[in-house]
Amino acid sequence: MTTMIMMQEEANYRKEENIKYNMMMMKEEEEEETNKPQIHFEGPEKRLLIWYKKKEKKTLRTIINKEQWVDILHRIGCEILSVQSSKNIDAYVLSESSLFVYDEFMMIKTCGQTTLLNILEPLKRMTKNTMEMTRCLFSRKNYLEAEEQHEMHKTWDVEKKILDSYFEVQTNECAYSKQKTKCKKKGTIKIATSHENDAADAWYTYQWEAPKRKDQHKKEYPITFEVLMHDLPEKNMATFFEKNVPKNITKGTQQGQYVTIKSGINNLIKGTHIDPFQFEPCGYSMNGLIGNDHYSTIHITPEDFCSYASFETNYSGKNNDVHALNAFYKKLTSKVLNVFAPGRFMITMYNPNTEKRIHIPPTMKPYQLIDQHSWFNGLVHVACYTKQRFHKVNDDEEEEKESFFEST
């Protein structure tokens, strides 16, 4: 009997020791996981908008098919995940952001360590006999970790030199100033701008435009509108982690559809045909087609140490009146902010139709404008906002805060 008791005590002792050992190992594993270096993902995108003019009946959509885009995109470090089309647009969801292709226009934006400018040479080669490039815009926000970029994208000066070389623009023929560069050569116009502020936000834009021919009719281009957001709340970002999606939903597109509805993204622009994708273990992208002629796109990096989200569209409602446009962008911006609730954000607007002066609001509760800049009669406009600090305001300040998107 005594022997049995001793054996039982020994067994209990060993069991307790095993429990202690397992708890110690779990604690060490947790500490090891905590101390692991966080893998940073570069959310802020590089972006190219390119306009063409047909030399014959072939269009950009017919010259370059999906298989050829696969090869071109591989060159810059991304791949096609999904594609949807309308009458006038092919929209590709990429492993690193998005590509939209029209008959005579394309927009591509890529995040991470992609080498977007490597796309220019194959495009030139494939379109040289059938399409003529008339305008090109390269733009980006400042990178979170510039040193992690490929050499060609580490600095704005390097990117400018690459673009100058591609468009055969001689630097010594340009008149430089601190904020902008205008350059004319054989009728070509190059514009390079950069702007930085105290909140560590910066915006860079390079535009090249071909000489205008006498027989060339003036064409109205759509306004391109972006909201670029940082410091996103964990509760808002939790939706975009795969672990928070029900297990019975198929990975990728179907998970993306669930997240699109749960987050409220589906309500931003009514009537948008959304093609979403939920990444593993986290992250989200979507392309939206609005009618046959317009797009929207969203990309989200939800990790708290590098959180970032971008919204972009070239849709401005069925509005030709400046006051209606201002009201549309005011409402749209508010909707985007309600979904993401960023700590700070930047609005960028590329408005080729400068006679339509769109005005960015001075304040959007609970945010305040900390900086804005406009170049070339409103062609490019950038505004940066941050969450307001608690302070007492007078009636004049309060009245100014309500004057959203007013026209002058």
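Refer to the structure printed above.
Here we summarise the structure given alongside this text. Here the structure is a predicted model, which is why all the values come from computation and not from measurement.

## Considerations on the overall build of the protein
Inference 1: Across its full length, the protein carries nine helices and 19 strands.
Inference 2: Across the protein, contacts joining residues at least 24 apart in sequence account for 65% of those joining residues at least 6 apart.
Inference 3: Accessible area of the protein: about 21200 Å², with a carbon and sulfur share of 50%.

## Considering the environment of threonine 239
Inference 1: Within the secondary structure, threonine 239 sits in the loop between α6 (234-237) and α7 (253-263).
Inference 2: Linking threonine 239 and threonine 260, residues 21 residues apart in sequence, is a C-alpha distance of 9.2 Å.
Inference 3: Sequence-distant contacts of threonine 239, defined by excluding residues within four places in its chain, comprise Val259, Lys262, Ser263 and Gln278.

## Concerning the pattern of salt bridges
Close approach of charged atoms allows side chains with opposite charge to pair.
Inference 1: Taken as a whole and assessed by the stated rule, the structure comprises 13 salt bridges.
Inference 2: A salt bridge links glutamate 312 to arginine 47; its shortest N-O distance comes to 3.0 Å. A residue pair is termed long-range when its members are at least 10 positions apart, and glutamate 312 in strand β15 (residues 308-313) and arginine 47 in strand β1 (residues 46-54) qualify at 265 residues. Across the pair, exposure class does not vary: glutamate 312 and arginine 47 are buried alike.
Inference 3: Lysine 160 is the partner of aspartate 157 in a salt bridge, and the nearest nitrogen-oxygen pair spans 3.9 Å. Taken together, the positions of aspartate 157 and lysine 160, both in helix α5 (residues 156-166) and three residues apart, correspond to about one turn of that helix.
Inference 4: Via salt bridges that share partners, Arg47, Lys109, Glu226 and Glu312 belong to a single interconnected network.

## Observations regarding the sheet that holds strand β14 (residues 294-301)
Inference 1: Ordered by their spatial adjacency, nine strands build an open sheet running β12-β13-β14-β15-β11-β16-β19-β18-β17, and the pairing between neighbours is antiparallel. The open sheet has two free edges, formed respectively by β12 (273-278) and β17 (363-364), since each of these has just one partner strand.
Inference 2: As judged from the six bridges shared by β14 and β15, these two strands associate in the antiparallel manner. By the bridge assignment for β15, threonine 297 is matched with glutamate 312.
Inference 3: Packed onto the sheet, α7 meets β12 and β13 (284-290) and runs at close to 110 degrees relative to β12.
Inference 4: The sheet strands contacting helix α8 (residues 322-340) are β11 (224-230), β14, β15, β16 (344-350), β17 and β18 (367-375), and the helix crosses β11 at an angle near 25 degrees.

## Structural notes on the nonpolar core
Inference 1: Within the largest apolar cluster, 39 residues are counted, with the highest numbers of intra-cluster contacts made by Trp69, Met106, Ile108 and Ile119.
Inference 2: Not counting the four nearest positions on each side in its chain, isoleucine 108 is found in contact with Lys46, Arg47, Leu48, Leu73, Ile76, Leu94, Ser98, Leu99, Leu116 and Ile119.
Inference 3: Of all hydrophobic cores here, the second largest spans 38 residues; its members include Met237, Met286, Phe311 and Ala383.

## Observations regarding the pairing of β1
Inference 1: Summarising burial for β1: seven of the nine residues are buried, a large majority.
Inference 2: Direction of pairing for β1 relative to strand β6 (residues 131-141): antiparallel, over a ladder of nine bridges. Note on β6: the bridge partner recorded for arginine 47 is serine 139.

## So, the state of the cysteines
Inference 1: All chains considered together, the criterion is met by zero disulfides.
Inference 2: Free cysteine cysteine 78: the closest other cysteine sulfur is in cysteine 111, separated by 8.5 Å.
Inference 3: Note on cysteine 78: relative accessible area 6%, which makes it buried.
Inference 4: Counting only cysteine sulfurs, cysteine 282 is the nearest neighbor of cysteine 306, a cysteine outside any disulfide, at a range of 7.9 Å.

## Here's the deal with helix α3 (residues 66-76)
Inference 1: Regarding α3, the residues found buried are Trp69, Ile72, Leu73 and Ile76. Down the axis of α3, the smallest arc covering the buried residues is 95 degrees, so these residues share one side. α3 presents Glu67, Asp71 and His74 as exposed residues on the side facing more than 90 degrees away from its buried surface.
Inference 2: Its buried side turned inward, α3 meets β2 (80-85), β3 (90-94), β4 (97-101), β5 (105-110) and α4 (120-127).
Inference 3: A distance of 3.2 Å separates the backbone nitrogen of glutamate 67 from a side-chain oxygen at the start of α3, and that oxygen is part of asparagine 65.

## Focus: the packing of aromatic side chains
Inference 1: Counted according to the given criterion, the structure contains 16 aromatic pairs.
Inference 2: A ring pair is formed by phenylalanine 328 and tyrosine 329, whose centres lie 5.4 Å apart and whose planes are at 75 degrees; its orientation type is edge-to-face.
Inference 3: Connected via pairs of aromatic rings, a cluster forms that spans Trp51, Tyr102, Phe105 and Tyr350.
Inference 4: When the ring centre of tyrosine 166 is taken as reference, the NZ or CZ atom of lysine 124 above it lies at 5.2 Å.
Inference 5: The aromatic ring of phenylalanine 241 is capped on one face by lysine 243, whose charged end is 5.9 Å from the ring centroid.

## Side note on unusual backbone geometry
Inference 1: Backbone torsion omega between glutamate 280 and proline 281 reads -10 degrees, so that peptide bond is classified as cis.
Inference 2: For proline 281, the position within the fold is in the loop between β12 and β13.
Inference 3: A cis geometry characterises the amide bond from lysine 365 onward to proline 366, with omega recorded as 0 degrees.
Inference 4: Mapped onto the fold, proline 366 is located in the loop between β17 and β18.
Inference 5: You will see that serine 97, though not glycine, has its phi angle at about 90 degrees, which is positive.
Inference 6: Counting through the fold element by element, serine 97 comes out in strand β4.
Inference 7: On the accessibility criterion, serine 97 (1% relative accessible area) is buried.
Inference 8: A positive phi angle is found at aspartate 231, which is not glycine, with a value near 55 degrees.
Inference 9: Its location among the elements puts aspartate 231 in the loop between β11 and α6.
Inference 10: Under the relative-accessibility criterion, aspartate 231 is labelled partly exposed at 45%.

What counts and how
- Residues numbered from 1 in each chain as written.
- Predicted model: local features only at pLDDT ≥ 70, side-chain atom pairs only at ≥ 80, totals over all residues.
- Heavy atoms only, no water.
- Helix = DSSP H or I, 4+ residues; strand = E, 2+ residues; numbered from the N terminus.
- Contact = heavy atoms within 4.5 Å.
- Areas by Shrake-Rupley, 256 points an atom, 1.4 Å probe, with all protein chains shown as cover.
- Salt bridge = Lys/Arg side-chain N within 4 Å of Asp/Glu carboxyl O.
- Buried < 20%, exposed > 50% of the residue type's maximum accessible area, 1.4 Å probe, protein only.
- Pairing = 2+ DSSP bridges.
- Axes fitted to C-alpha atoms, helices over the stretch in contact; angles between N-to-C directions.
- Core = buried A, V, L, I, M, F, W, Y, C linked by side-chain atoms within 4.5 Å.
- Disulfide = S-S within 2.5 Å.
- Arc of directions from axis to C-beta.
- Polar contact = N/O pair within 3.5 Å; in protein donor to acceptor, adjacent residues only side chain to side chain.
- Phe/Tyr/Trp six-rings, centres within 6.5 Å; stacked < 30°, edge-to-face > 60°.
- Lys NZ or Arg CZ within 6 Å of the ring centre and 35° of its normal.

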